[in-house]
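Residue-level listing of the chains:
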Amino acid sequence: MRLPLLPLVLAGSLAMPLAVHAAEKSYAAEFYDARKLEATDRQAALEGMLRSYRLAVAAGNADYATAAGVNACHMLYAQGKSIDAGKLAREVILALDPLEDRGSPHNDALRRAQLFGLMERGLLAEGKLGAAWKANRAAGETLGEKKVSGDADGPSITIEEAVHLQGELRSLGWRIIERESELLDLAGRSNEALELLDEATAFIEDVWAEPGALIPAERFYAFKLLAARGMILDFLGYEEETITLQTKLLEMAESYPDVAANSRDNVRLNLLRNLSQWNGPSGEMLEEAKRIGAQLKSTGSGRGVDRLLAKMELDLRNSREALETLRKEGRTNEQLGYLFDAVYADRDALTERSKQGEAGLDGEYIALLRKVRAQGNKRAEPSLYREYGDYLLAQ
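Residues numbered from 1 in each chain as written. Predicted model: local features only at pLDDT ≥ 70, side-chain atom pairs only at ≥ 80, totals over all residues. Heavy atoms only, no water.

Observations concerning the nonpolar core
And step 1. Formed by 103 residues in total, the largest nonpolar core has its most connected members in Trp-174, Ile-177 and Trp-208.
And step 2. For this core, the leading source of residues is helix α4 (residues 62-78), giving eleven residues.
And step 3. Dropping the residues within four chain positions of it, Trp-174 is found in contact with Ala-162, Val-163, Ala-200, Phe-203, Ile-204, Glu-218, Tyr-221, Ala-222 and Leu-225.
And step 4. If you look at the next biggest cluster of nonpolar residues, it comprises eleven residues, including Leu-272, Met-285, Leu-309 and Met-312. (Core = buried A, V, L, I, M, F, W, Y, C linked by side-chain atoms within 4.5 Å. Buried < 20%, exposed > 50% of the residue type's maximum accessible area, 1.4 Å probe, protein only. Helix = DSSP H or I, 4+ residues; strand = E, 2+ residues; numbered from the N terminus. Contact = heavy atoms within 4.5 Å.)

What about the layout of surface pockets?
And step 1. Considering only enclosed or pocket space, the second largest pocket measures out at about 230 Å³ in volume.
And step 2. For the second largest pocket, the full set of lining residues is Arg-327, Gly-330, Arg-331, Glu-334, Asp-346, Ala-349, Leu-350, Arg-353, Glu-364, Ala-367, Leu-368 and Lys-371.
And step 3. Elements represented by at least two residues in the lining of the second largest pocket include exactly α16 (320-336), α17 (339-355) and α18 (362-375).
And step 4. Residues belonging to the lining of the second largest pocket are distributed by class as follows: four nonpolar, one polar and seven charged. (1 Å grid on protein atoms, 1.4 Å probe; cavity = no way out; pocket = protein on both sides within 12 Å on 5 of 7 lines; lining within 4 Å. Points joined across faces, edges and corners; volume = space filled by probe spheres on them. Nonpolar A, V, L, I, M, F, W, Y, C, P; charged D, E, K, R; others polar.)

Examining the packing of aromatic side chains
And step 1. Throughout the structure, instances matching the rule amount to eleven aromatic pairs.
And step 2. Relative to Phe-223, the ring of Trp-208 has its centre 6.4 Å away and its plane inclined at 40°; by these criteria the two rings are tilted. Separated by 15 residues along the polypeptide, Trp-208 in the loop between α10 (190-207) and α11 (216-235) and Phe-223 in helix α11 bring together distant segments of the chain. Note on accessibility: Trp-208 and Phe-223 belong to one class, buried.
And step 3. We classify Trp-208 as buried; its relative accessible area is 4%.
And step 4. In textbook terms, an aromatic cluster arises when at least three aromatic residues are bridged by ring pairs, as seen for Tyr-27, Phe-31, Tyr-32 and Tyr-64.
And step 5. Over the ring of Trp-208 we find Arg-219; its NZ or CZ atom is 4.7 Å from the centre of that ring.
And step 6. Positioned above the aromatic ring of Tyr-256 is the side chain of Arg-219, whose terminal nitrogen or guanidinium carbon lies 3.9 Å from the ring centre. (Phe/Tyr/Trp six-rings, centres within 6.5 Å; stacked < 30°, edge-to-face > 60°. Lys NZ or Arg CZ within 6 Å of the ring centre and 35° of its normal.)

A few points about helix α5 (residues 82-96)
And step 1. For α5, with 15 residues, the first-to-last C-alpha span of 21 Å sits near the 21 Å given by 1.5 Å per residue.
And step 2. Every buried residue of α5 is listed here: Ser-82, Ile-83, Ala-85, Gly-86, Leu-88, Ala-89, Val-92, Ile-93, Ala-95 and Leu-96.
And step 3. Contacts from the buried residues of α5 go to α3 (42-59), α4, α6 (105-125) and α16. (Expected span 1.5 Å × (residues − 1).)

Here's the deal with the environment of Leu-369
And step 1. Along the chain, Leu-369 turns up in helix α18.
And step 2. Leu-369 gets classed as buried once you look at its relative accessible area, which sits at 2%.
And step 3. Spatially, the C-alpha atom of Leu-369 lies 7.1 Å from that of Leu-384, the residues being 15 residues apart in sequence.

Remarks on the environment of Lys-36
And step 1. With respect to the helices and strands, Lys-36 occurs in helix α2 (residues 25-37).
And step 2. In this structure the C-alpha to C-alpha distance between Lys-36 and Ser-82, which are 46 residues apart in sequence, comes to 23 Å.

A look at the packing of α17 against helix α19 (residues 380-394)
And step 1. It is at 10 Å that the axes of α17 and α19 come closest, and there the two elements cross at 20°. Taken together, the axis directions place α17 and α19 in an arrangement best described as roughly parallel. The handedness of the crossing between α17 and α19 comes out as left-handed. Taken together, the residues of α19 that come into contact with α17 (itself represented by Tyr-344, Arg-347, Thr-351 and Ser-354) are Ala-380, Ser-383, Leu-384, Glu-387 and Tyr-391. (Axes fitted to C-alpha atoms, helices over the stretch in contact; angles between N-to-C directions. Parallel < 35°, antiparallel > 145°, perpendicular 65-115°, else oblique. Left-handed = near helix turned anticlockwise from the far one by under 90°.)

Things to note about the pattern of salt bridges
Opposite charge on two side chains allows them to pair when their charged atoms are near.
And step 1. Per the counting criterion, the structure on display carries 36 salt bridges.
And step 2. A salt bridge links Arg-51 to Glu-30; the shortest N-O distance between them is 3.1 Å. Of the two residues, Arg-51 sits in helix α3 while Glu-30 sits in helix α2, which places them 21 residues apart along the sequence.
And step 3. We note a salt bridge from Lys-371 to Glu-334, for which the minimum N-O separation is 3.4 Å. (Salt bridge = Lys/Arg side-chain N within 4 Å of Asp/Glu carboxyl O.)

Re α3
Along an α-helix, residues three or four apart share an orientation, since each turn contains 3.6 residues.
And step 1. When the terminal C-alpha atoms of α3 are compared, their 26 Å separation across 18 residues agrees well with the 26 Å that a helix rising 1.5 Å per residue should span.
And step 2. Among all positions of α3, only Ala-45, Leu-46, Gly-48, Met-49, Leu-50, Ser-52, Tyr-53 and Ala-56 are buried.

A closer look at unusual backbone geometry
And step 1. One non-glycine residue, Glu-145, adopts positive backbone phi at about 65°.
And step 2. In this structure, Glu-145 sits in the loop between α7 (129-143) and α8 (159-163).
And step 3. Looking at Glu-145, the relative accessible area reads 47%, which means it is partly exposed.

Some points on empty space enclosed by the protein
And step 1. Using the criterion set out here, one finds one cavity of 30 Å³ or more in the structure.
And step 2. If you add up the space inside the largest cavity, you get close to 40 Å³.
And step 3. Forming the walls of the largest cavity are Asp-234, Glu-239, Ile-243, Asn-274, Gln-277 and Trp-278.
And step 4. When contributions to the lining of the largest cavity are tallied by element, the ones reaching two or more residues are α12 (239-253) and α13 (261-279).
And step 5. No other element matches the three residues that α13 contributes to the lining of the largest cavity.
And step 6. Classifying every residue of the lining of the largest cavity gives two nonpolar, two polar and two charged.

Some thoughts on the environment of Val-92
And step 1. Along the chain, Val-92 turns up in helix α5.
And step 2. Here the alpha-carbon distance between Val-92 and Gly-150, two residues 58 residues apart in the chain, equals 9.3 Å.
And step 3. When sequence neighbours within four positions are dropped, the list of residues in contact with Val-92 reads Tyr-53, Ala-65, Gly-69 and Leu-115.

Everything listed here is a matter of geometry and, on its own, says nothing about what the molecule does.
What follows is the structure, given as structure tokens:
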């Protein structure tokens, strides 16, 4: 389960007053009118923000172009259109290349890092893992106030560099490290990903309860990083350690409202899934998971929830409805271009069909292996080979 990349609580900081001159009235008016419309008419707000961005580019105003561009990307992302948001983010980054930014280097770095982050999530959703990794590392370079373009291919940000960033920049530093760990994991370098998160965790846990040490946006991303560590521990087979960590995370979040409710609910849902696997499934755990899943979906954070709930139900009992949910998730994600999510839903459905004794699945296993290889997904490929092997042995 994943939360939206960049919550509008942070994006709201981008709406800081910008210098308005008479010649800038058109794109300035579009910008502020779009902000006013966000709560009542999201589509009109998006269209107005896009107009502001394009007018600012045409006028050569990098400050407004960046602010309007990143806000438009966030609006698309909030509508569940991460691929469209990523493509627009790349367009904005390239449009900014020839423009001179006369505003604050800090604010420019903050906005551009978010653009690269949105670009990374869109590319990952398309199954373009290598390109997503480059975008995430470009976001890290940007935090150092270095202006890089859409095809940058630099080094990752280090924990030492992130620790010495200030305010919202350090918040995004934790986010970039969390994303770096997932991309390392997907490249088959899970132990390296865990080492990276272990190093970051040591700093975060040391200052977690210290008054004023973490601003709200930073605590939001720091919590996500700690939760990501639990996911990798689980993948590597440290089941008891994962359950202990996820329980501890819920306790850590208890006194901090700036840890988003969705973040806590994601941890609760994954904890229930792990308890179900560790202690055995139960109807009570499934019902609690469904309640949490419904809450996540009601707030627009439900991507992947139906697949996880279907897997929990199938652990408990044979269910045609749950199996069809998995198959539908695969079809729908592929139709929408979410190829990364599609291969996991297809894998889960194929594995369950195999468990239920369905024959003639060889071609589907081989086709899915080709898709996983094409993505470069070295996390999914070995387990899919194992599941294919189990299927062949059962024939």
